Number of protein chains: 2
Amino acid sequence: MKDVAALAGVSLKTVSRVVNREAGVSEELAARVTRAAEQLDYRPNLTASNLRRGDQRTGTIGLLVEDVANEFFSSIHRGVEEVARQRGVAVIAASLDRDPALERDLVGAFASRRVDGLILAPTASDQGYLTNEIRSGWPIVCIDRQTTGVDTDSVVTDNRAASAAGVAHLLAHGHRRIGFIGGRSKLATEQDRHAGYIDAMASAAAVVRPHWVHHGAQDSDEAMVAALAMLAWADSPTAIFSGQNLITMGTVRALRELGLAHRVALVGFDDFALADLLEPAITVVAQDARAIGHLAAELLFRRMADPSRPTATHVVPSRLIPRGSGEIRPE
Amino acid sequence: MKDVAALAGVSLKTVSRVVNREAGVSEELAARVTRAAEQLDYRPNLTASNLRRGDQRTGTIGLLVEDVANEFFSSIHRGVEEVARQRGVAVIAASLDRDPALERDLVGAFASRRVDGLILAPTASDQGYLTNEIRSGWPIVCIDRQTTGVDTDSVVTDNRAASAAGVAHLLAHGHRRIGFIGGRSKLATEQDRHAGYIDAMASAAAVVRPHWVHHGAQDSDEAMVAALAMLAWADSPTAIFSGQNLITMGTVRALRELGLAHRVALVGFDDFALADLLEPAITVVAQDARAIGHLAAELLFRRMADPSRPTATHVVPSRLIPRGSGEIRPE
DNA sequence: GAAATTAGCGACAACGTTGTCAGGGCGATC
DNA sequence: GATCGCCCTGACAACGTTGTCGCTAATTTC
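These figures come from a predicted structure and were not determined experimentally. (Residues numbered from 1 in each chain as written. Chains lettered and ligands numbered in written order. Predicted model: local features only at pLDDT ≥ 70, side-chain atom pairs only at ≥ 80, totals over all residues. Heavy atoms only, no water.)

(A) Inspection of the pattern of salt bridges at higher detail. All names here are of chain B. If you walk through the whole model with that rule in mind, you get 34 salt bridges over all chains. Note that Glu81 and Arg85 form a salt bridge whose closest N and O atoms lie 3.0 Å from each other. Here Glu81 pairs with Arg85, and both are found in helix 5 (residues 71–86), just 4 residues apart, close to one helical turn. The exposure class of Glu81 is buried, given its relative accessible area of 3%. (Salt bridge = Lys/Arg side-chain N within 4 Å of Asp/Glu carboxyl O. Helix = DSSP H or I, 4+ residues; strand = E, 2+ residues; numbered from the N terminus. Buried < 20%, exposed > 50% of the residue type's maximum accessible area, 1.4 Å probe, protein only.)

(B) Expanded view of the protein's contact with DNA strand D. Around DNA strand D lies a shell of 26 residues, among which A:Thr14, A:Arg17, A:Arg52, B:Ser16 and B:Arg52 are the nearest. For DNA strand D, the backbone makes up 57% of the atoms found within 4 Å of the protein, where backbone means sugar plus phosphate. For DNA strand D, a base nitrogen lies 2.6 Å from a polar atom in the side chain of A:Arg17. B:Asn20 is positioned with one of its side-chain polar atoms (N or O) 2.7 Å from a phosphate oxygen of DNA strand D. Of the residues in the surface near DNA strand D, the class split is 9 nonpolar, 9 polar and 8 charged. (Near = heavy atom within 4 Å. Polar contact = N/O pair within 3.5 Å; in protein donor to acceptor, adjacent residues only side chain to side chain. Nonpolar A, V, L, I, M, F, W, Y, C, P; charged D, E, K, R; others polar.)

(C) Representation of the sheet that holds strand 6 (residues 178–181) of chain A in the model. Residues and elements named next belong to chain A. A sheet is described by the order of its strands in space; here 6 strands give the open sequence 7-6-8-9-10-12, paired in mixed fashion. Here the strands that pair on one side only, and so sit at the sheet edges, are strand 7 (213–214) and strand 12 (318–321). Inspection of the sheet shows strand 9 (residues 265–269) paired to strand 10 (residues 283–287) by 3 bridges, in the parallel sense. Across the sheet, Val267 pairs through a bridge with Thr283, a residue of strand 10. Here helix 8 (residues 159–172) sits on the sheet and contacts strand 6, strand 8 (239–242), strand 9, strand 10 and strand 12; the angle it forms with strand 9, its principal contact strand, is near 170°. (Pairing = 2+ DSSP bridges. Contact = heavy atoms within 4.5 Å. Axes fitted to C-alpha atoms, helices over the stretch in contact; angles between N-to-C directions.)

(D) Up close: the domain arrangement of chain A. Residue and element names in this part refer to chain A. Split by domain assignment, chain A resolves into domain 1 (2–44), domain 2 (60–157 + 289–316) and domain 3 (159–287 + 320–327). Between domain 2 and domain 3, the residue contacts involve 11 residues of the former and 17 residues of the latter. The junction of domain 2 with domain 3 conceals about 1,200 Å² of combined surface from both sides, 41% of it contributed by carbon and sulfur atoms. When the buried area of domain 2 at its contact with domain 3 is split by residue, Glu71, Arg98 and Thr157 rank highest and sum to 47% of it. Across the contact surface, domain 2 and domain 3 share 0 salt bridges. Between domain 2 and domain 3 we count 8 residue pairs in polar contact (both at pLDDT 80 or more) in total. Here the side of domain 2 that touches domain 3 is composed, by residue class, of 3 nonpolar, 3 polar and 5 charged. (Domains from an automatic or database assignment. Buried area = accessible area lost by both parts, 1.4 Å probe.)

(E) Spotlight on the side chain of B:Thr60. With respect to the element layout, B:Thr60 can be found in strand 1 (residues 60–65). Side-chain polar atoms of B:Thr60 contact the side chain of A:Arg113, separated by 3.1 Å. At 3.0 Å, the side chain of B:Thr60 and the backbone oxygen of B:Thr58 are in polar contact.

(F) Structural view of the environment of B:Gly117. Residue and element names in this part refer to chain B. Looking at the element boundaries, Gly117 is found in strand 3 (residues 117–120). Distance from Gly117 to Val285, taken between C-alpha atoms, is 30 Å for residues 168 residues apart in sequence. Aside from chain neighbours lying at most four places away, what touches Gly117 is Thr60, Ile61, Gly62, Trp138, Pro139 and Leu300.

(G) Up close: the pairing of strand 1 (residues 60–65) of chain A. Residue and element names in this part refer to chain A. Across the 6 residues of strand 1, 6 count as buried, placing the element largely inside the fold. Neither face of strand 1 is exposed, since Thr60, Gly62 and Leu64 on one face and Ile61, Leu63 and Val65 on the opposite face are all buried. Examined bridge by bridge, strand 1 and strand 2 (residues 90–95) share 6 bridges and lie parallel to one another. Looking across to strand 2, one finds that Ile61 is bridged to Val91. On the question of chirality, the crossover connecting strand 1 to the parallel strand 2 by way of helix 5 (residues 71–86) is right-handed. The pairing of strand 1 with strand 3 (residues 117–120) spans 4 bridges and is parallel. Paired with Leu63 across the bridge in strand 3 is Ile119. (Right-handed = clockwise from strand over helix to strand, strands pointing away.)

(H) Quick peek at the packing of aromatic side chains. Residue and element names in this part refer to chain A. Following the criterion strictly, the structure yields 6 aromatic pairs over all chains and no others. With a centroid separation of 5.0 Å and 70° between ring planes, the pair formed by Phe72 and Phe73 is classed as edge-to-face. Residue Phe72 is classed as buried on the basis of its relative accessible area of 7%. By relative accessible area, which is 4% here, Phe73 ends up buried. (Phe/Tyr/Trp six-rings, centres within 6.5 Å; stacked < 30°, edge-to-face > 60°.)

(I) Quick peek at the side chain of A:Ser154. Residue and element names in this part refer to chain A. Of note, Ser154 is situated in strand 5 (residues 153–157). Relative accessible area serves as the criterion here: at 1%, Ser154 is assigned to the buried category. Here Thr313 takes part through its side chain, which lies 3.2 Å from a polar atom of the side chain of Ser154. The contact partners of Ser154, leaving out residues within four places of it in the chain, are Val141, Cys142, Gln146, Leu299, Ala312, Thr313 and His314.

(J) Spatial organisation of the relation of the copies chain A and chain B. Placing chain A over chain B gives an RMSD of 0.1 Å and needs a rotation angle of 180°, together with 0.0 Å of translation along the axis. Considering both components of the superposition, the chain copies are consistent with a two-fold axis. Proximity to the rotation axis, assessed at the C-alpha, singles out A:Ile92 in chain A; its C-alpha lies 2.2 Å from the axis. Mapped onto chain B, 100% of the interface residues of chain A are again interface residues, and the two copies thus contact each other with one and the same surface. (Least-squares fit on C-alpha atoms with pLDDT ≥ 70 in both.)

(K) Just the sheet that holds strand 6 (residues 178–181) of chain B, in detail. All names here are of chain B. With respect to topology, 6 strands assemble into an open sheet ordered 7-6-8-9-10-12, the strand pairing being mixed. Two strands in the sheet have a free side with no partner beyond their single neighbour: strand 7 (213–214) and strand 12 (318–321). Judged from the 2 bridges that link them, strand 6 and strand 7 form a sheet pairing that is parallel. When the sheet's bridge partners are listed, Ile181 is paired in strand 7 with His214. Taken strand by strand, helix 10 (residues 220–230) contacts strand 6, strand 7 and strand 8 (239–242), and its axis lies near 155° from that of strand 6.

(L) Looking closely at the protein's contact with DNA strand C. The environment of DNA strand C is made up of 26 residues, and the closest members are A:Ser16, A:Asn20, B:Thr14, B:Arg17 and B:Ser26. In the environment of DNA strand C, a base nitrogen lies 3.5 Å from a nitrogen or oxygen atom belonging to the backbone of A:Ala48. Within the side chain of B:Arg17, a nitrogen or oxygen atom sits 2.6 Å from a base nitrogen of DNA strand C. Of all the secondary-structure elements, those providing two or more residues to the surface near DNA strand C are helix 2 (12–19) and helix 4 (46–52) of chain A together with helix 2 (12–19) and helix 4 (46–52) of chain B. Considering only residue class, the surface near DNA strand C consists of 9 nonpolar, 9 polar and 8 charged.

(M) Summary view of helix 8 of chain A. Between its first and last C-alpha, helix 8 of chain A extends 20 Å over 14 residues, near the 20 Å set by a 1.5 Å rise per residue. A positive backbone phi angle near 95° is found at A:Gly174, which sits one or two residues after helix 8 of chain A. (Expected span 1.5 Å × (residues − 1).)

(N) Spotlight on the interface of chain A and chain B. Chain A puts 50 residues into the contact, and the matching count from chain B is 50 residues. With both chains or domains summed, chain A and chain B bury close to 4,400 Å², and 52% of this area falls on carbon and sulfur atoms. Sorting the residues of chain A by area buried against chain B places A:Arg43, A:Arg113 and A:Leu277 first, and these three jointly supply 16% of that buried surface. Where chain A meets chain B, there are 10 salt bridges. We note a salt bridge from B:Arg253 to A:Asp276, for which the minimum N-O separation is 2.4 Å. Taken together, the links from chain A to chain B amount to 32 residue pairs in polar contact (both at pLDDT 80 or more). Every element with two or more residues in the side of chain A that touches chain B is listed here: helix 4, helix 5, strand 2, helix 6 (100–112), helix 7 (131–135) and helix 11 (245–257) of chain A.

Put into structure tokens, the structure is as follows:
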């Protein structure tokens with residue numbers, strides 16, 4: 001900028017005015033400055049600008065999710081990005097890998113970077129460490145799971161009801177022996193989905209045997225192993241409800257391996273690409289990930305504009321998409 | 001920081017020293033400062049720090065890809081993130097949606113943010129606009145496609161050879177009438193994959209009819225329409241080679257719809273989740289997206305450390321994974 | 001015991017930008 | 001012809017840090 005000012009023969013401030021399109025610069029001067037800037041290939045330094053500017057905005061928001069490569073979260077990312085782009089705001093994303101310590105570290109790192117706001121899919125069991133940040137007015141929106149211990153805006157699915165609906169669908173097709181395969185049981189989403197399963201089973205007066213329930217499947221492979229084990233019992237389930245997209249995929253693998261894909265029913269939480277092309281096609285309880293991203297970002301910007309507005313929890317609808325695997329009847 | 005200094009009764013510089021763990025502060029003082037910082041919930045301002053620091057590093061790198069929600073690119077993102085995290089560097093990602101104007105805009109935006117380096121999957125047909133940035137020493141690594149018009153490090157697949165191998169696989173299984181469905185023909189990747197198709201056909205002296213070749217499928221749906229049209233001809237192809245993951249999915253849909261999934265062979269470029277669970281399972285020419293992300297990030301950091309090193313193009317291997325759809329023989 | 005070294009700390013300037021305010025020029029008004 | 005007001009423009013300080021250097025007091029060295 002100094003160089004531009006020198007080349008155009010004007011003061012720093014005038015260059016600043018031209019760059020920011022402020023009123024009050026004669027056309028002639030503005031043209032001269034613009035020419036000089038182009039000639040020197042000048043790029044304004046946004047970080048310095050943000051430092052000096054009153055509002056302290058960095059034009060950056062943070063997004064912390066379980067894994068940016070997971071279809072569900074990458075779709076959320078996309079949704080967030082779309083809203084942010086309209087406002088010229090950049091998105092920094094990172095993966096937490098269900099590691100609570102990492103969550104705290106990355107939140108700290110984002111705070112140091114002064115991101116203007118944070119969209120967080122919490123993985124730690126308690127977000128008490130956020131208390132100070134929130135009190136200081138740092139805008140935070142939680143997605144997928146709610147925070148515990150602090151009060152933030154959040155965008156969630158009614159996991160319990162959605163899960164109960166999925167299980168009820170299986171019950172309605174005549175199943176009584178229904179298994180549940182879930183992820184890390186410390187996560188609230190996980191617990192809610194399990195609770196929904198229990199709810200549905202209870203309201204149908206269906207018995208739940210311990211070996212029909214598996215918690216803690218971390219990925220597709222672990223889910224497959226769990227499903228294989230579950231299906232090895234003499235009184236094995238005639239239907240399975242799986243708590244998450246990767247788990248559903250693992251379960252499909254297990255059913256295939258055992259040649260049971262057309263005999264054991266399956267309903268999965270979360271939709272995924274190609275679910276409709278599998279044989280049988282997979283019935284799922286679907287969340288609209290991109291819409292979640294949109295909404296979360298909108299809420300974040302609304303809170304940034306007005307930090308004092310009361311926090312709210314938005315429950316986005318989920319819907320059951322029957323495709324075949326969930327409509328298999330018990331033999 | 002001022003407040004911390006005041007509370008601890010020391011100078012700003014001392015606080016700075018403690019925060020950065022510089023030597024030369026007595027234990028007692030350091031403890032006092034640390035306590036004060038905690039009490040005030042102080043977070044260092046990284047942007048100010050970077051501004052002042054000599055090296056002008058923001059601890060941020062940019063990643064520009066076609067779509068962060070596309071499995072191929074989100075896996076790359078993940079790979080980049082893993083390398084960046086080790087160094088305490090954050091990743092800003094954005095989607096270009098194959099829009100050249102957007103590419104220029106976002107590159108400019110990232111330049112203004114002073115990201116320390118850029119990983120770019122080019123979508124514009126010419127990156128001449130980058131000349132100045134590169135000359136000024138801005139580290140850039142290109143992935144997926146090479147830049148044209150400027151000289152950068154790049155990480156690419158040998159699209160032409162890989163594509164030829166895929167088509168040769170079909171030829172080896174007795175096919176002569178092989179179709180090609182590709183994406184936007186302006187993209188270099190696209191052209192190379194098409195060229196590979198032509199190469200393989202030519203070296204087998206197989207005829208290529210114009211209506212067996214479709215360019216410009218932008219998404220899964222368009223690919224499906226193209227495949228349906230292609231398969232409607234009297235001399236329709238007995239096998240199809242598809243140029244990208246979304247296109248493969250659309251083609252699968254078309255084959256299903258026509259009841260040809262087990263009669264028309266299919267080999268796709270790019271692997272995707274569940275490809276092995278489809279019926280038939282889909283034979284693909286697979287790139288290791290995460291490895292591409294790793295390598296690109298490593299190269300970027302190497303260039304950041306030594307801007308003068310000569311640029312190089314790294315060709316990552318791709319491999320053909322036979323799964324069933326590519327081994328169907330013509331009737 | 002004096003000189004030299006070292007450890008510990010602070011004052012000040014600077015990074016690249018913008019907000020504030022003051023000043024110069026010029027036409028309009030009385 | 002003096003005064004007022006307006007339009008441009010520039011000087012300066014400030015944003016939150018850290019690099020440089022200088023100062024004091026304690027420790028070591030001869």
